[in-house]
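The residues making up each chain are set out below.
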Amino acid sequence: MTHSFNPTALREYDIRGIVGETLGEADAYAIGRGFGTRVRRNGGTRIAVGYDGRLSSVSLEGELVRGLTETGIDVVRIGLGPTPMLYYAEATLEVDGGVQITGSHNPGEYNGFKMVLAHAPFYGADIQDLATLADAGDWEDGSGSVSNYVIIEDYVNRLVEKFDGGPFRIGWDAGNGAAGEVIEMLVKLLPGEHHTIFTDIDGNFPNHHPDPTEEKNLADLKKLVADNKLDFGLAFDGDGDRLGAIDGQGRVVWGDQILSILAEPVLIDEPGATIIADVKASQALYDRIAELGGTPLMWKTGHSLIKTKMKETHSPLAGEMSGHIFFAHEYYGFDDAQYAAVRLIRAVHQLGGSLTALKDAMPAMVNTPEMRFQVDESRKFAVIDEVLDRLEAEGADINRTDGARVNTVDGWWLLRASNTQDVLVARAEAKDQAGLDRLLGMIDAQLAASGLVRGEQASH
């Protein structure tokens, strides 16, 4: 028996597609056979499986489990919950790997698979290897067992271990995503007053799209905070691995700003530690880490790449502009929005008790949101190479960590190719609007020289 995946579903960090078009139950079965084969050939026999709240998740989970057990893998089903709950299960149960069925922050018609093998991300060449195994039908055979383990209470209790934050008045928006039940349990264990919205898990996402990096999706949370005069608000994506925040005035505290707050208590505890952020993060963040005595490290975008770099550098904390926050300090090193929320509450308490005041104290920068626009898949990396060649010929100040990040007297601009979609990603930051306009002009000039324009915004 063999199987061919739709190549568009095989992403850099996970497998993801539109159910019924580029991803289906046959793929789930083949992923079970392929991943199970990799686990067995790695000396393992047992893995944890979880799933998010999408309408297609239960049927995909059934076929995944069938594929795993027919490869001789024993499956521990942990049921419905956020992706970090699966990561927690993989880190703490006697298992050799884990799979979460999730469409992440994508629209409801999407679904996918995030995998962990032997406490390390399973990505890049590993994912392509599943396709190679499927094409050849090169799968192990066997008869594994299936058991259930209710881990949600253990997980929630672990989130508040060592909690030493104050009694804040907080709004929580789960966006009808997979973290809803966890958040309802979590707020009961925290001091203060908590107002939750959209915690019922609903794969139709009836209220708003669960992506806290887009400001329009925070409108309900802003209203909740304003109507109840709350201290701040927290928002979660569809599978609970990305955190969004707003202060008491309804201003967005972006991913890199959240990281700058979280860094201070960590660096008090671990002076000089390496704190990692991705290439889209503000220069203000890197400056702040250095000011606090830490070692700032700019790295490539992508949760698997960041986790790998953290292990390599023994970094206690890392984050991405997109709201993925990774704690190895007092935790396991994976991205967990629920844990990051708890740590943010602790940090705000430790740093004076006001997220609004912390936001006020941040340097005023003028920047763009993450701009994403379609480009032909065959051109996206070539365009970046062309841009880099031209910039080098001009003698520009370039950081090549992930695409082209260019420093100028006005600030910086970034152009990189997405690893997961046929899009280019751009961002720019300056001290004032005139400087930002000049930076955007530079981006547009480079795109024009490669025959492109910044078109309509693409979704994540």
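Quick caveat, the model's predicted, so the values are computed rather than measured.

Visitor: Explain the nonpolar core here, please?
Guide: Most often, soluble globular proteins keep nonpolar side chains buried together rather than apart. Trp 172, Leu 234, Leu 317 and Ile 345 are the most contacted members of the largest nonpolar core, which has 69 residues in total. Element by element, the count of residues in this core is highest for helix α11 (residues 337-350), at nine residues. In this view, Ile 345 contacts Phe 163, Gly 165, Gly 166, Phe 168, Ile 170, Trp 172, Leu 190, Phe 232 and Leu 234; residues no more than four positions away in its chain are not counted. Core analysis: the second largest hydrophobic core is formed by 32 residues, Ile 31, Phe 35, Phe 122 and Trp 139 among them.

Visitor: I keep staring at unusual backbone geometry and nothing clicks. Help me out?
Guide: Phi at Ala 118 takes a positive value of approximately 55 degrees, unusual for a residue other than glycine. Phi is positive for Phe 205, close to 45 degrees, though the residue is something other than glycine. When you line up the elements, Phe 205 lands in the loop between β9 (193-197) and α7 (219-228). A residue is classified by how much of its surface remains accessible, and Phe 205, at 12% relative accessible area, is buried.

Visitor: For this particular structure, what's the right way to read the environment of Thr 45?
Guide: Residue placement: Thr 45 occurs in the loop between α1 (25-41) and β2 (46-51). Residue Thr 45 is classed as partly exposed on the basis of its relative accessible area of 46%. A sequence separation of 30 residues divides Thr 45 from Val 75, and the C-alpha atoms of the two residues are 8.8 Å apart. Those residues in contact with Thr 45 that sit more than four places away from it in its chain are Val 39, Gly 72, Ile 73, Asp 74 and Asp 96.

Visitor: How do you make sense of the sheet that holds strand β13 (residues 274-278) when you look at a structure like this?
Guide: What links the strands of a sheet is backbone hydrogen bonding, and the strands pair in either a parallel or an antiparallel sense. Taken in spatial order, the four strands make up an open sheet running β14-β13-β15-β16, and their pairing is mixed. The open sheet has two edge strands with one neighbour each: β14 (295-299) and β16 (325-327). Averaged over neighbouring strand pairs, the angle between their axes works out to 15 degrees when direction is ignored. Where β13 lies against strand β15 (residues 317-319), three bridges are found, and the strand directions are parallel. Opposite Ala 277, over in β15, you have Gly 319 as the bridge partner. In the packing of helix α9 (residues 283-291) onto the sheet, the strands contacted are β13 and β14, and the crossing angle to β14 comes to about 150 degrees. Helix-sheet contacts for helix α10 (residues 303-313) involve β13, β14, β15 and β16, and the interaxial angle to β13 is about 165 degrees.

Visitor: What exactly am I supposed to notice about the sheet that holds strand β12 (residues 252-253) here?
Guide: Pairing is mixed in the open sheet, where five strands are placed in the order β9-β8-β10-β11-β12. Edge positions in the sheet fall to β9 and β12, since each has one partner strand and no second. Where strand β11 (residues 243-246) and β12 come together, two bridges link them in antiparallel fashion. Residue pairing for β12: Ala 245 is matched across the bridge by Val 253. Strands in contact with helix α6 (residues 180-187) are β8 (169-173), β9 and β10 (232-236); relative to β9, the strand with the most contacts, it is inclined by about 165 degrees.

Visitor: Explain the packing of α1 against helix α4 (residues 125-136) to me, please; I cannot follow it from the model alone.
Guide: Packed helices, taken two at a time, are described by the angle between their axes plus the distance between the axes. Close contact between α1 and α4 brings their axes to 9 Å; oriented N to C, the two are set at 110 degrees. Here α1 is positioned roughly perpendicular relative to α4, judged by the angle of their axes. Facing α1, whose interface residues are Gly 34, Phe 35, Thr 37, Arg 38 and Arg 41, α4 presents Asp 126, Asp 129, Leu 130 and Leu 133.

Visitor: Could you clarify how one ought to interpret the packing of aromatic side chains in this entry?
Guide: Here the distance between the centres and the angle between the planes together describe a pair of aromatic rings. As enumerated under the stated definition, the model contains twelve aromatic pairs in all. Connected via pairs of aromatic rings, a cluster forms that spans Tyr 87, Tyr 88, Tyr 155, Phe 327, Tyr 331, Tyr 332, Phe 334 and Tyr 339. A cation over an aromatic ring shows up here: Lys 309 above the ring of Trp 299, its NZ or CZ 4.1 Å from the ring centre. Between Arg 405 and the ring centre of Trp 412, over which it is positioned, the NZ or CZ distance is 3.6 Å.

Visitor: So what exactly am I meant to see when it comes to α7 here?
Guide: Because an α-helix packs 3.6 residues into every turn, residues spaced three or four apart end up facing the same way. Every buried residue belonging to α7 is among Leu 221, Leu 224 and Val 225, and all of these are buried. Looking straight down α7, one finds that the buried residues subtend no more than 95 degrees of arc, so they occupy a single side. The outward face of α7, more than 90 degrees from its buried face, is lined by the exposed residues Lys 223 and Asp 227. Those residues of α7 that are buried are in contact with β8, β9, β10 and β11. Once α7 finishes, Lys 229 follows within two positions and takes phi at roughly 50 degrees, a positive value.

Thresholds, definitions, all that
- Residues numbered from 1 in each chain as written.
- Predicted model: local features only at pLDDT ≥ 70, side-chain atom pairs only at ≥ 80, totals over all residues.
- Heavy atoms only, no water.
- Core = buried A, V, L, I, M, F, W, Y, C linked by side-chain atoms within 4.5 Å.
- Buried < 20%, exposed > 50% of the residue type's maximum accessible area, 1.4 Å probe, protein only.
- Helix = DSSP H or I, 4+ residues; strand = E, 2+ residues; numbered from the N terminus.
- Contact = heavy atoms within 4.5 Å.
- Pairing = 2+ DSSP bridges.
- Axes fitted to C-alpha atoms, helices over the stretch in contact; angles between N-to-C directions.
- Parallel < 35°, antiparallel > 145°, perpendicular 65-115°, else oblique.
- Phe/Tyr/Trp six-rings, centres within 6.5 Å; stacked < 30°, edge-to-face > 60°.
- Lys NZ or Arg CZ within 6 Å of the ring centre and 35° of its normal.
- Arc of directions from axis to C-beta.

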